[in-house]
Amino acid sequence: AQSVTQLGSHVSVSEGALVLLRCNYSSSVPPYLFWYVQYPNQGLQLLLKYTSAATLVKGINGFEAEFKKSETSFHLTKPSAHMSDAAEYFCAVTRSGGSYIPTFGRGTSLIVHP
Amino acid sequence: DAGITQSPRHKVTETGTPVTLRCHQTENHRYMYWYRQDPGHGLRLIHYSYGVKDTDKGEVSDGYSVSRSKTEDFLLTLESATSSQTSVYFCATSEGAYTGELFFGEGSRLTVL
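Here goes a summary of the coordinates provided. Fair warning: this is a prediction, and the values are worked out from it, not measured in the lab.

Quick word on the packing of aromatic side chains
Scanning the entire structure with this criterion turns up 15 aromatic pairs over all chains. Arranged with centres 6.3 Å apart and planes meeting at 50 degrees, the rings of Tyr-50 of chain A and Phe-74 of chain A form a pair that is tilted. Highlighted residues: Tyr-50 of chain A in strand β5 (residues 44-50) and Phe-74 of chain A in strand β8 (residues 73-78), separated in sequence by 24 residues. In this structure, Tyr-50 of chain A and Phe-74 of chain A share a single accessibility class: buried. Taken together, a centroid distance of 5.5 Å and an interplanar angle of 45 degrees make the contact between Phe-63 of chain A and Tyr-89 of chain A tilted. Highlighted residues: Phe-63 of chain A in the loop between β6 (56-58) and β7 (64-68) and Tyr-89 of chain A in strand β9 (residues 87-94), separated in sequence by 26 residues. Tyr-89 of chain A matches Phe-63 of chain A in its accessibility class, with the two residues each being buried. One aromatic cluster in this structure is built from Phe-34, Tyr-36 and Phe-104 of chain A together with Tyr-33, Tyr-35, Tyr-48, Tyr-50, Phe-90 and Phe-104 of chain B.

Concerning the pairing of strand β3 (residues 19-25) of chain B
Residue and element names in this part refer to chain B. Only one face of β3 is buried: it carries Val-19, Leu-21, Cys-23 and Gln-25, and the other face, with Thr-20, Arg-22 and His-24, is open. In this structure, strand β1 (residues 4-7) lies alongside β3, joined through four bridges in antiparallel fashion. For Gln-6, the partnering residue across the bridge sits in β3 and is Cys-23. Bridging between β3 and strand β8 (residues 73-78) involves six bridges; their strand directions are antiparallel. Residue pairing in the sheet places Cys-23 in a bridge with Phe-74 of β8.

Comments concerning the sheet that holds strand β1 (residues 4-7) of chain A
Residues and elements named next belong to chain A. The strand order across the open sheet built from five strands is β1-β3-β8-β7-β6, with neighbouring strands paired in antiparallel fashion. Single-partner strands in this sheet number two, and they are β1 and β6. Strand-to-strand twist across the sheet, computed as the mean angle between neighbouring axes with direction ignored, equals 20 degrees.

Details of the interface of chain A and chain B
It is common to give the size of an interface as the accessible area that goes away when the parts come together. On the chain B side, the residues contacting the 22 residues of chain A number 23 residues. Summing the contributions of chain A and of chain B, the shared interface buries around 1800 Å²; its carbon and sulfur component is 61%. Contact with chain B buries surface across chain A, with Leu-44, Tyr-100 and Phe-104 of chain A losing the most and accounting together for 31% of the total. One can count zero salt bridges joining chain A with chain B. On the surface where chain A and chain B come into contact, there are three residue pairs in polar contact (both at pLDDT 80 or more). Per-element tally for the side of chain A that touches chain B: the top contributor is strand β4 (residues 32-38) of chain A, with four residues.

The rules behind these values
- Residues numbered from 1 in each chain as written.
- Chains lettered and ligands numbered in written order.
- Predicted model: local features only at pLDDT ≥ 70, side-chain atom pairs only at ≥ 80, totals over all residues.
- Heavy atoms only, no water.
- Phe/Tyr/Trp six-rings, centres within 6.5 Å; stacked < 30°, edge-to-face > 60°.
- Helix = DSSP H or I, 4+ residues; strand = E, 2+ residues; numbered from the N terminus.
- Buried < 20%, exposed > 50% of the residue type's maximum accessible area, 1.4 Å probe, protein only.
- Pairing = 2+ DSSP bridges.
- Axes fitted to C-alpha atoms, helices over the stretch in contact; angles between N-to-C directions.
- Contact = heavy atoms within 4.5 Å.
- Buried area = accessible area lost by both parts, 1.4 Å probe.
- Salt bridge = Lys/Arg side-chain N within 4 Å of Asp/Glu carboxyl O.
- Polar contact = N/O pair within 3.5 Å; in protein donor to acceptor, adjacent residues only side chain to side chain.

Structure representation (structure tokens):
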């Protein structure tokens, strides 16, 4: 059973606009949550992670995400999109159901228009 | 960045032939993973390893086997390739469980005709 859901396989924004990529998780225990980015023809690289410290997590390239237990969400945001942000973004969870094995969402492709 | 190299990076093969993909790391990470990436499915775990000679199945392990005889090498074998195994395969490593960040290789694109 999938424990991470990314809403929207594609998100399109204009350069300079707010970026919001959604991730919801299901877990019977406090999860650890991650966002990864994949640029074309490359492997994934970590953007940020939540491991039960501060609920607002800041990552690289101006991205941040907030862990909201009441909403079981970990949405990724960036105040102002840049053309270079165009990529595939994956939310991942560990410790869901007690497993340390990372489980990934299906990914969201971010398209940035000039 | 963790040094993770995958080989081959591209391969075209025919149905029924055996294929082995290699993942080599230079970071001495304990955990290693093989994922496949397909449109609409994201990354799905094939097999993983939690130490030398210690491996286990992931959610899409049918038709695949793995071996890890050294910390640095994790091999993925398709005993008899099928067209449904056409995919991009990613190797990843992590130093620790749970909170461990995954470090990815650049992927191996496999086409089975």
